[in-house]
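Here is how the chains run, residue by residue.
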Amino acid sequence: MNQHALSNDPAAIISADKAHVWHHLVQHKPFETVDPRIMVEGKGLRVWDITGREHLDAVSGAVWTVNVGYGRKRIADAMAAQLTKLNFYAGAAGNIPAAQFAEMLTAKMPGLDRVYYANSGSEANEKAFKMVRQIAHKHHGGRKYKILYRERDYHGTTIANLSAGGQEERNAQYGPFTPGFIMVPHCLEYRRQDGLTDADYGRRAADAIEEVILREGPDTVGALCLEPITAGGGIITPPQGYWDRVQEICKKYDILLHIDEVVCGLGRTGTWFGYQHYGVQPDIVTMAKGVASGYAAISCCVTTNAVFEQFKDDTDHLSYFRDISTFGGCTAGPTAAIENMAIIEEEGLLENSTTMGAHLLSNLHALMDKHAVIGDVRGQGLFAGAELVTNRGTKDPLNEKQVGAIVADCMGQGVIIGATNRSVPGFNNTLLFAPALIATKDDIDEITGAVDKALTRVLG
């Protein structure tokens with residue numbers, strides 16, 4: 001199935017795209033002489049573009065979203081049935097799939113109880129930030145308003161989310177930013193911060209967060225927002241002891257722990273949520289992408305009852321959470337999410353993510369043995385990265401053009417991989433892998449085989 005009969009004229013579609021569509025994260029100057037890529041069909045891990053060319057998608061829709069793979073008729077049918085019954089009613093009222101999915105979701109998240117629906121990861125994180133700020137005003141005299149975020153983490157594309165964004169190049173030219181967001185150091189063991197040379201690096205990296213809290217004043221800090229595994233900043237898995245110490249610090253200073261699971265949630269790392277690898281108990285968890293695997297737009301901001309109860313003081317007419325997400329009232333999202341979760345359970349995709357993730361890391365380590373340009377391999381489940389360097393001793397990053405050439409070579413072979421993209425100045429040098437949770441051993445071998453060939457061709 002390498003060629004598909006297209007119901008539309010490809011030339012007309014390409015012309016309309018070039019004339020009218022503003023693509024995401026893309027410089028459009030080249031489209032003056034070359035055509036944009038237009039995808040038309042997907043099945044499993046495979047996608048076909050408008051020219052009929054087949055690709056193995058190793059990044060789940062380019063931004064790590066299609067966790068259960070393409071072409072799930074079951075999800076589409078459930079959505080169609082719901083949409084003809086009730087497509088939308090604003091979130092000030094409830095609906096049946098929203099209630100059902102909230103119950104299913106919180107059952108997977110012991111200690112968390114309340115689900116606030118929205119339509120994107122950026123929006124879910126914005127809700128969390130607003131909750132923290134409102135709690136500061138209602139219960140702390142406005143003092144605990146500061147929100148800490150981590151270098152290299154990414155939480156979304158709005159101005160407030162960029163204010164909490166630890167990727168300098170993503171933030172460039174979009175300031176001035178929202179005040180009250182404070183950065184803490186990253187925890188990438190491969191590139192330890194100056195002075196952090198202890199064997200117990202994980203706890204020391206977390207101690208650096210406490211140092212920021214003490215500098216700012218604990219009575220001014222309301223929340224700490226972290227990805228369980230830093231995603232677009234280079235697939236940074238936390239070192240041993242890091243999360244234990246983070247939890248201690250948050251409890252010590254009465255700081256809400258907000259974990260951003262937009263990428264890692266719903267099985268990507270081999271557990272329902274990435275934080276569940278590390279034994280921590282968050283106060284707020286945000287998620288999007290894999291919640292419905294891209295079949296519908298949905299995100300969730302999930303909180304403890306302790307957070308929720310702080311908005312129930314009706315002696316103040318402003319005390320409730322005065323927020324709305326228009327499309328948080330769409331019924332398609334929770335309907336798709338119900339089927340998505342059922343597929344993950346019925347097909348054992350958490351276990352597959354763990355097993356195939358181990359195979360992916362094994363293959364990448366084998367490539368590291370063969371190619372000196374791979375300085376570090378890291379990941380969890382079907383979420384992995386290979387950092388490329390010019391010299392393993394000095395760890396000098398491979399330049400972006402060469403990294404891009406490797407990605408392009410894989411694309412030429414029919415395998416779509418990713419790379420850190422205009423995120424951290426000088427360190428956009430990590431190849432990224434996040435195939436759908438249905439990936440097989442043969443799929444993994446095809447992905448890493450393409451990388452092997454690309455490294456040889458591009459770098460010799």
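The rules behind each value
- Residues numbered from 1 in each chain as written.
- Predicted model: local features only at pLDDT ≥ 70, side-chain atom pairs only at ≥ 80, totals over all residues.
- Heavy atoms only, no water.
- Helix = DSSP H or I, 4+ residues; strand = E, 2+ residues; numbered from the N terminus.
- Buried < 20%, exposed > 50% of the residue type's maximum accessible area, 1.4 Å probe, protein only.
- 1 Å grid on protein atoms, 1.4 Å probe; cavity = no way out; pocket = protein on both sides within 12 Å on 5 of 7 lines; lining within 4 Å.
- Points joined across faces, edges and corners; volume = space filled by probe spheres on them.
- Nonpolar A, V, L, I, M, F, W, Y, C, P; charged D, E, K, R; others polar.
- Pairing = 2+ DSSP bridges.
- Patch = residues over 30% accessible without salt bridge, like charges linked within 9 Å, V, L, I, M, F, W, Y side chains within 5 Å.
- Areas by Shrake-Rupley, 256 points an atom, 1.4 Å probe, with all protein chains shown as cover.
- Salt bridge = Lys/Arg side-chain N within 4 Å of Asp/Glu carboxyl O.
- Contact = heavy atoms within 4.5 Å.
- Phe/Tyr/Trp six-rings, centres within 6.5 Å; stacked < 30°, edge-to-face > 60°.
- Lys NZ or Arg CZ within 6 Å of the ring centre and 35° of its normal.
- pLDDT = per-residue confidence, 0-100.
- Polar contact = N/O pair within 3.5 Å; in protein donor to acceptor, adjacent residues only side chain to side chain.

### Side note on the side chain of Asp153
Part 1 of the reasoning: As for its placement among the helices and strands, Asp153 is situated in the loop between strand E5 (146–150) and helix H6 (159–163).
Part 2 of the reasoning: Here Asp153 falls in the buried class, since its relative accessible area comes to 0%.

### Details of empty space enclosed by the protein
Part 1 of the reasoning: Inspection of the entire model under this criterion finds one cavity of 30 Å³ or more.
Part 2 of the reasoning: In this structure, the largest cavity occupies an estimated 30 Å³ of space.
Part 3 of the reasoning: In terms of residue class, the lining of the largest cavity is built from four nonpolar, three polar and one charged.

### Focus: the pairing of strand E10 (residues 299–303)
Part 1 of the reasoning: Within E10, five of the five residues are buried, which leaves the element mostly enclosed by the surrounding structure.
Part 2 of the reasoning: Burial along E10 is two-sided: Ser299, Cys301 and Thr303 and Cys300 and Val302, pointing in opposite directions, are all buried.
Part 3 of the reasoning: The sheet contact formed by strand E4 (residues 114–118) and E10 spans five bridges and is antiparallel. Of the residues in E10, the one forming a bridge with Ala118 is Ser299.

### Let's talk about a nonpolar patch on the surface
Part 1 of the reasoning: Taken together, the side chains of Ile159, Tyr174 and Phe177 present a nonpolar region at the surface, about 280 Å² in accessible area.
Part 2 of the reasoning: By secondary structure assignment, the location of Ile159 is in helix H6.
Part 3 of the reasoning: Accessibility expressed as a relative area gives 38% for Ile159, which makes it partly exposed.

### A word on the environment of Cys330
Part 1 of the reasoning: You can see Cys330 is positioned in the loop between helix H10 (305–309) and helix H11 (332–346).
Part 2 of the reasoning: Here the alpha-carbon distance between Cys330 and Asn119, two residues 211 residues apart in the chain, equals 8.7 Å.
Part 3 of the reasoning: With near-sequence residues (within four places) excluded, Cys330 lies in contact with Asn87 and Phe88.

### Comments concerning the sheet that holds strand E3 (residues 54–57)
Part 1 of the reasoning: In space, the four strands of this open sheet follow the order E1-E2-E3-E14, with mixed pairing throughout. Two strands in the sheet have a free side with no partner beyond their single neighbour: strand E1 (39–43) and strand E14 (415–416).
Part 2 of the reasoning: Where strand E2 (residues 46–49) meets E3, three bridges bridge the pair, whose relative direction is antiparallel. Counterpart to Trp48 in the pairing with E3 is Glu54.

### Regarding the packing of aromatic side chains
Part 1 of the reasoning: Per the counting criterion, the structure on display carries seven aromatic pairs.
Part 2 of the reasoning: With a centroid separation of 6.0 Å and 85° between ring planes, the pair formed by Tyr242 and Trp243 is classed as edge-to-face. Considered together, Tyr242 and Trp243 belong to a single accessibility category, that of buried residues.
Part 3 of the reasoning: Through a chain of ring-to-ring contacts, the aromatic side chains of Tyr116, Phe311 and Phe321 assemble into a single cluster.
Part 4 of the reasoning: Above the ring of Phe308, the side-chain terminus of Arg114 is found at 3.8 Å from the ring centroid.
Part 5 of the reasoning: The aromatic ring of Tyr190 is capped on one face by Lys395, whose charged end is 4.4 Å from the ring centroid.

### Some thoughts on the confidence of the model for the chain
Part 1 of the reasoning: Chain-level statistics for the chain give a pLDDT mean of 96 and a share of 97% at 70 or above.
Part 2 of the reasoning: In this model residues 1–6 is a low-confidence stretch, pLDDT under 50, and it forms 14 contacts with partners more than four residues away in sequence or in other chains.

### Topic: the environment of Ile209
Part 1 of the reasoning: Its location among the elements puts Ile209 in helix H8 (residues 201–216).
Part 2 of the reasoning: Taking the relative accessible area as the measure of exposure, Ile209 reaches 1% and is therefore buried.
Part 3 of the reasoning: Through-space distance from the C-alpha of Ile209 to that of Glu168 is 19 Å; in sequence the pair is 41 residues apart.
Part 4 of the reasoning: Non-local contacts of Ile209, meaning those with residues more than four positions away in its chain, are made with Leu148, Val184, Leu224, Tyr242 and Val246.

### Quick notes on the side chain of Thr420
Part 1 of the reasoning: Tracing the backbone shows Thr420 in the loop between strand E15 (418–419) and strand E16 (430–433).
Part 2 of the reasoning: On the basis of relative accessible area, Thr420 is assigned to the buried category, the value being 6%.
Part 3 of the reasoning: A distance of 3.0 Å separates a polar side-chain atom of Thr420 from the backbone nitrogen of Asn429.
Part 4 of the reasoning: Ignoring anything within four residues of it in the chain, the contact list for Thr420 reads Gly232, Gly233, Gly234, Phe427, Asn428, Asn429, Thr430 and Leu432.

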